[in-house]
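Tertiary structure, described
Listed below are the residues making up each chain.
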Amino acid sequence: LVCVSPDAAQTLETISSLEFAARAMCVEVDPKVNITGKRYMSVRDGFRQRVEHDVEQSLKCVQEKVARLEQCLESAQQEAVSLQKALSQAEFRAEQFEALADTRAEEARNESFRARRAEERASAAVASLEAARNDSAEEKHALEARLSLLKVEIDSLRRHLAARQTPIQQHDCHSRVKCSRPHRPMHWPQQQHQ
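Everything numeric in this text was worked out from a predicted model, so none of it was measured. (Residues numbered from 1 in each chain as written. Predicted model: local features only at pLDDT ≥ 70, side-chain atom pairs only at ≥ 80, totals over all residues. Heavy atoms only, no water.)

Some points on the pattern of salt bridges
Under the defined criterion, the tally for this structure stands at three salt bridges. For glutamate 106, the salt bridge is made with arginine 109, and the minimal N-O distance between the two is 2.6 Å. Note that glutamate 106 and arginine 109 are positioned in helix H2 (residues 38-175) at a spacing of three residues, about one turn of the helix. When its relative accessible area of 37% is taken as the criterion, glutamate 106 is described as partly exposed. Put simply, arginine 133 and glutamate 130 hold a salt bridge, and the shortest N to O gap is 3.0 Å. Here arginine 133 pairs with glutamate 130, and both are found in helix H2, just three residues apart, close to one helical turn. (Salt bridge = Lys/Arg side-chain N within 4 Å of Asp/Glu carboxyl O. Helix = DSSP H or I, 4+ residues; strand = E, 2+ residues; numbered from the N terminus. Buried < 20%, exposed > 50% of the residue type's maximum accessible area, 1.4 Å probe, protein only.)

Here it is, written out as structure tokens:
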């Protein structure tokens, strides 16, 4: 008696059991009954016939099970082939996704680098503008100081000119000499600021 299972997961156990049964069938059993004469022969023949019949039935059963197992094995092999194809397709897709992920990561790194560069340039531009504003404020103060000095100098020159013109006018009044040209105010050339 051999126990087998039609389940594909038990294929190895079933094959092992069937191989054991095939080896067990090769064992010759010659039972002897302690009966003499015809009765002994008839019992022996009956026993032999029953054993042969049982062996034939077991062999048919085993052959049917082997055929079913071979069908199961063939379907399992086909399923393994289809699973192998699906696995290779999945691996190919995984490689594509990995390559895409690497590309996206590289693009993200490049964008991050460009953003840092833009931020550095913006910071440099802000610092440059701040420096230019500070320089222009200092330049404005320097120009305002120079302008006030020039105003003071112009006022001083006007007072000096006015002081010089007053004695000339008094001198003209005493001499009663009239000038043939009308009196024009003098214009001082303005200095160019650099």
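Read on for the rest.
A look at a negative patch on the surface
Residues Glu91, Glu95, Glu98 and Asp102 make up a contiguous surface patch of negative charge. As for its position among the elements, glutamate 98 is in helix H2. In this structure glutamate 98 comes out as exposed when scored by relative accessible area, which is 52%. (Patch = residues over 30% accessible without salt bridge, like charges linked within 9 Å, V, L, I, M, F, W, Y side chains within 5 Å. Areas by Shrake-Rupley, 256 points an atom, 1.4 Å probe, with all protein chains shown as cover. Lys, Arg positive; Asp, Glu negative; His and termini not counted. Charge placed at Lys NZ, Arg CZ, Asp CG, Glu CD.)

What to know about helix H1 (residues 11-25)
A turn of α-helix holds 3.6 residues, and therefore any two residues three or four places apart point the same way. The end-to-end C-alpha distance of H1 is 21 Å, a good match for the 21 Å that 15 residues give at a rise of 1.5 Å each. Along H1, the positions that sit buried rather than exposed are Thr11, Thr14, Leu18 and Ala21. Down the axis of H1, the smallest arc covering the buried residues is 90°, so these residues share one side. Exposed and facing more than 90 degrees away from the buried side of H1 are Leu12, Glu13, Phe20 and Arg23. (Expected span 1.5 Å × (residues − 1). Arc of directions from axis to C-beta.)

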